[in-house]
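Here is what each chain is made of, one letter per residue.
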Amino acid sequence: MRRLLLTAVCCALLPGLCGCAVWRGMASLVRPSPQTAEIRPAPAPGLIPPDPAAVVDRLYARAADAIRVRDYALALEVLQVAAVRAPADVRVLNAQAVIYDKLGRFDLSARYYARALAADPGSAIVAHNMAYSARLSGQAGADHGPLLAGGPPDGAVVAAGGASEGTR
């Protein structure tokens with residue numbers, strides 16, 4: 001009888017004591033609540049963050065290597081990362097335009113050449129590559145400037161015989 005009375009009292013009092021901190025503490029001992037861990041990045045001691053320009057230089061060099069082996073998808077991915085880090089870098093914009101030229105997407109290459117020219121209006125390489133792109137797309141005649149950027153200077157175009165025009 002005593003046991004029955006104790007059980008009845010506990011059942012009557014238990015719902016009223018559910019908000020009690022003591023009961024919550026006891027419940028957490030039986031069934032612990034999940035712990036949330038906060039992860040914060042901590043700089044490594046003695047580690048100097050990389051120079052942003054050096055990062056873009058490495059990305060550009062990696063893209064140039066990918067272009068040389070004709071892996072244009074990788075080159076575009078790397079150049080997009082570089083463009084996020086340096087949106088006005090003429091080399092990156094010009095390289096993206098060159099890739100689109102190689103893929104036959106002259107509409108996209110024209111956009112990137114225009115952005116590169118806006119970033120550096122005096123860039124001879126961009127101007128030469130734009131002329132080359134126009135020739136590739138069939139939009140230009142034969143008298144629109146040198147064929148390739150970075151080639152021999154004007155007046156020293158190498159002829160089929162191997163001698164330059166200035167040395168004949």
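The present account deals with the structure reproduced in this document. (Residues numbered from 1 in each chain as written. Predicted model: local features only at pLDDT ≥ 70, side-chain atom pairs only at ≥ 80, totals over all residues. Heavy atoms only, no water.)

1. Considering unusual backbone geometry
Piece 1. Look at Arg70: it is not a glycine, yet its phi comes out positive at around 60°.
Piece 2. Its location among the elements puts Arg70 in the loop between helix H3 (52-68) and helix H4 (72-85).
Piece 3. What makes Arg70 exposed here is its relative accessible area of 66%. (Helix = DSSP H or I, 4+ residues; strand = E, 2+ residues; numbered from the N terminus. Buried < 20%, exposed > 50% of the residue type's maximum accessible area, 1.4 Å probe, protein only.)

2. Some thoughts on the packing of aromatic side chains
Centre distance and the angle of the planes are the two values used to describe a pair of aromatic rings.
Piece 1. Per the counting criterion, the structure on display carries 1 aromatic pair.
Piece 2. When the centroid spacing of 5.5 Å and the interplanar angle of 20° are considered together, the rings of Tyr100 and Tyr112 count as stacked. Here Tyr100, found in helix H5 (residues 90-102), pairs with Tyr112, found in helix H6 (residues 106-119); they are 12 residues apart in sequence, far enough to count as distant.
Piece 3. Taking NZ or CZ as reference, Arg91 lies 4.7 Å from the ring centre of Tyr60, over its face. (Phe/Tyr/Trp six-rings, centres within 6.5 Å; stacked < 30°, edge-to-face > 60°. Lys NZ or Arg CZ within 6 Å of the ring centre and 35° of its normal.)

3. Structural notes on the pattern of salt bridges
Piece 1. Scanning the entire structure with this criterion turns up 5 salt bridges.
Piece 2. Across the pair Glu38 and Arg40 runs a salt bridge whose closest N-O atoms are separated by 3.4 Å.
Piece 3. The partner of Arg91 in a salt bridge is Asp89, and the shortest N-O contact between them spans 3.0 Å.
Piece 4. According to the relative accessible area criterion, Arg91 is partly exposed, its value standing at 32%.
Piece 5. Each of Asp57, Asp89 and Arg91 takes part in salt bridges that share partners, so that together they form one network. (Salt bridge = Lys/Arg side-chain N within 4 Å of Asp/Glu carboxyl O.)

4. As for H6
Piece 1. Relative to the 20 Å expected for 14 residues at 1.5 Å per residue, H6 spans 20 Å between its end C-alpha atoms, a close match to the ideal helical length.
Piece 2. Residues of H6 that are buried: Leu108, Ser109, Tyr112, Tyr113 and Ala116. Along H6, the residues classed as buried sweep out an arc of 135° about the axis, all on the same side. Structural note: H6 exposes Arg111 and Ala118 on the side pointing more than 90 degrees away from its buried face.
Piece 3. In this structure, the buried side of H6 is in contact with H5 and helix H7 (124-137). (Expected span 1.5 Å × (residues − 1). Arc of directions from axis to C-beta. Contact = heavy atoms within 4.5 Å.)

5. Observations regarding the packing of H6 against H7
Piece 1. Between H6 and H7, whose axes approach to 10 Å, the crossing angle comes to 165°. As summarised for this structure, H6 and H7 are arranged roughly antiparallel, according to the angle between their axes. For the crossing formed where H6 meets H7, the hand is left-handed. Listed contacts from H7 to Phe106, Ser109, Tyr113, Ala116 and Leu117 of H6 are Val126, Asn129, Met130, Ser133, Leu136 and Ser137.
Piece 2. Broken down by class, the residue content of the contact of H6 with H7 amounts to 7 nonpolar, 4 polar and no charged. (Axes fitted to C-alpha atoms, helices over the stretch in contact; angles between N-to-C directions. Parallel < 35°, antiparallel > 145°, perpendicular 65-115°, else oblique. Left-handed = near helix turned anticlockwise from the far one by under 90°. Nonpolar A, V, L, I, M, F, W, Y, C, P; charged D, E, K, R; others polar.)

6. Topic: H7
Piece 1. Taking 1.5 Å as the rise per residue, H7 with 14 residues should run 20 Å; its terminal C-alpha atoms sit 20 Å apart, in good agreement.
Piece 2. Along H7, the residues classified as buried are Val126, Asn129, Ala131, Ser133 and Ala134.
Piece 3. A side-chain oxygen of the first residue of H7 lies 3.3 Å from the backbone nitrogen of Val126; this N-cap is Ser123.
Piece 4. At the exit of H7 stands Gly138, carrying a positive phi of roughly 80°. (Polar contact = N/O pair within 3.5 Å; in protein donor to acceptor, adjacent residues only side chain to side chain.)

7. Some details on the packing of H5 against H6
Piece 1. Interaxial distance between H5 and H6 falls to 8 Å at its minimum, and their mutual angle equals 165°. Between H5 and H6, the crossing angle belongs to the class labelled roughly antiparallel. The two elements H5 and H6 cross, and the hand of that crossing is left-handed. Contacts between H5 and H6 pair Val90, Leu93, Asn94, Gln96, Ala97, Val98, Tyr100 and Asp101 from the former with Phe106, Leu108, Ser109, Tyr112, Tyr113, Arg115, Ala116 and Ala119 from the latter.
Piece 2. Here the residues of the contact of H5 with H6 are counted per class, giving 11 nonpolar, 3 polar and 2 charged.

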